[in-house]
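Letter by letter, the chains look like this.
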Amino acid sequence: MKNMTTTMAMAVMGAAVGAAAVYAATHDQRQVRRAVRKMTRGAEKALLELDDMIAQYTH
C-alpha cells in the first residue's frame, strides 16, 4: 500500500510541475510564483486526503 501512495504522490507532483512549466511559459514571474504556491497547496491537500482515505480503509 505504501508503494502505491508513493507512486500516487509522484504522479501528483509531476502533474503540478508540468502545469507550472506551462503556466510559466505564458505568464509573468509574479503570476508564476502565485500559481506555484497555489498548486503546491493543492497537491499537499490532495496527498493528505489520499493518506486519510488509505488510513480509513486499512484500519
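Criteria and thresholds
Residues numbered from 1 in each chain as written. Predicted model: local features only at pLDDT ≥ 70, side-chain atom pairs only at ≥ 80, totals over all residues. Heavy atoms only, no water. Helix = DSSP H or I, 4+ residues; strand = E, 2+ residues; numbered from the N terminus. Buried < 20%, exposed > 50% of the residue type's maximum accessible area, 1.4 Å probe, protein only. Areas by Shrake-Rupley, 256 points an atom, 1.4 Å probe, with all protein chains shown as cover. Expected span 1.5 Å × (residues − 1). Patch = residues over 30% accessible without salt bridge, like charges linked within 9 Å, V, L, I, M, F, W, Y side chains within 5 Å. Salt bridge = Lys/Arg side-chain N within 4 Å of Asp/Glu carboxyl O. Lys, Arg positive; Asp, Glu negative; His and termini not counted. Charge placed at Lys NZ, Arg CZ, Asp CG, Glu CD.

### Let's talk about the overall build of the protein chain
Reasoning step 1: A count of helices and strands for the protein chain gives two helices and zero strands.
Reasoning step 2: Counting every position in the protein chain, which comprises 59 residues, the buried fraction comes to 14%.
Reasoning step 3: Looking at the protein chain as shown, the accessible area adds up to about 4900 Å², and 62% of this sits on carbon and sulfur atoms.

### Describing helix 2 (residues 29-58)
Reasoning step 1: In this model, helix 2 (30 residues) spans 43 Å end to end at C-alpha, consistent with the 44 Å of a helix rising 1.5 Å per residue.
Reasoning step 2: The set of residues buried in helix 2 consists of Val32, Ala35, Ala43, Leu50 and Ile54.

### Describing a positive patch on the surface
Reasoning step 1: A cluster of basic side chains, namely Arg30, Arg33, Arg34, Arg37, Lys38 and Arg41, defines a positive patch on the protein surface.
Reasoning step 2: Considering the arrangement of structural elements, one finds Arg41 in helix 2.

### Concerning the environment of Asp51
Reasoning step 1: Along the chain, Asp51 turns up in helix 2.
Reasoning step 2: When its relative accessible area of 43% is taken as the criterion, Asp51 is described as partly exposed.
Reasoning step 3: Linking Asp51 and Ala9, residues 42 residues apart in sequence, is a C-alpha distance of 10.0 Å.

### Digging into the environment of Ala21
Reasoning step 1: With respect to the helices, strands and loops of the structure, Ala21 is situated in helix 1 (residues 2-26).
Reasoning step 2: On the basis of relative accessibility, which here comes to 48%, the residue Ala21 falls in the partly exposed class.
Reasoning step 3: The spacing of Ala21 and Val32 is 11 residues in sequence and 9.0 Å in space, taken between C-alpha atoms.

Such coordinate-based values are descriptive only and should not be taken to indicate function.
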